[in-house]
Amino acid sequence: MRTTRPFRADHVGSLLRSASIKEARLKREKNEIEPAEFKEIEDREIEMIIDRQKSIGLQLATDGEFRRAWWHFDFYGLLDGVELRDVDSGIRQTGRPRATL
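Below you will find a few notes about this structure. Sequence positions are assigned chain by chain, starting from 1 and proceeding in written order. This being a predicted model, a pLDDT of at least 70 is required before a residue's local features are given, and a value of 80 or more before pairs of side-chain atoms are given or counted; all residues contribute to the totals for chains, interfaces and linings. Here the side-chain values reflect all heavy atoms present in the structure, with hydrogen atoms and water set aside.

**Things to note about unusual backbone geometry**
Part 1: The residue Asn31 is not glycine, and still its phi comes out positive at about 60°.
Part 2: Counting from the N terminus, the helices are DSSP H or I runs at least four residues long and the strands are E runs at least two residues long. Note on placement: Asn31 falls in the loop between helix H1 (19–29) and helix H2 (35–55).
Part 3: When a residue's accessible area, from a 1.4 Å probe over protein chains only, is under 20% of the maximum for its type it is buried; when over 50% it is exposed; and in between it is partly exposed. Residue classification places Asn31 among the exposed residues on the basis of a relative accessible area of 58%.
Part 4: Residues other than glycine seldom take positive phi values, yet Glu65 does so here, at roughly 55°.
Part 5: One can find Glu65 in the loop between H2 and helix H3 (71–76).
Part 6: Judged by relative accessible area, which is 23%, Glu65 ranks as partly exposed.

Spelled out as structure tokens, the structure:
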């Protein structure tokens, strides 16, 4: 086991989204901001999270998957024979779109 840097670790890409990204997503869903403005906010937040990772000494950084809505829908939606549909029923988590496979 190492006791000095670099430490061995697995790096998972998803990070918690900042309040700025959460707010921008809600505004974008309501068409209160344009796609370009939304992208600028995402770009700024991604730069900040990468800078944070560098500042703590990580040799590998992630964009935090800040542009993804739901990783599994992004993945499943690319599979042949899978159709994503919006639904009006089911359990809804606050601030999350309803969808089904």
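So that's the structure; there's more coming.
**Comments concerning a nonpolar patch on the surface**
Part 1: Residues form patches when they are more than 30% accessible in relative terms and have no salt bridge. Like charges link within 9 Å. Nonpolar side chains (Val, Leu, Ile, Met, Phe, Trp, Tyr) link within 5 Å. Only the protein chains shown count as cover for residues, and the accessible areas themselves come from Shrake-Rupley with a 1.4 Å probe. Whenever Lys or Arg places a side-chain nitrogen within 4 Å of a carboxyl oxygen from Asp or Glu, that contact is recorded as a salt bridge. Taken together, the side chains of Phe75, Leu79, Val82 and Leu84 present a nonpolar region at the surface, about 310 Å² in accessible area.
Part 2: Following the sequence through the fold, Val82 ends up in the segment after H3.

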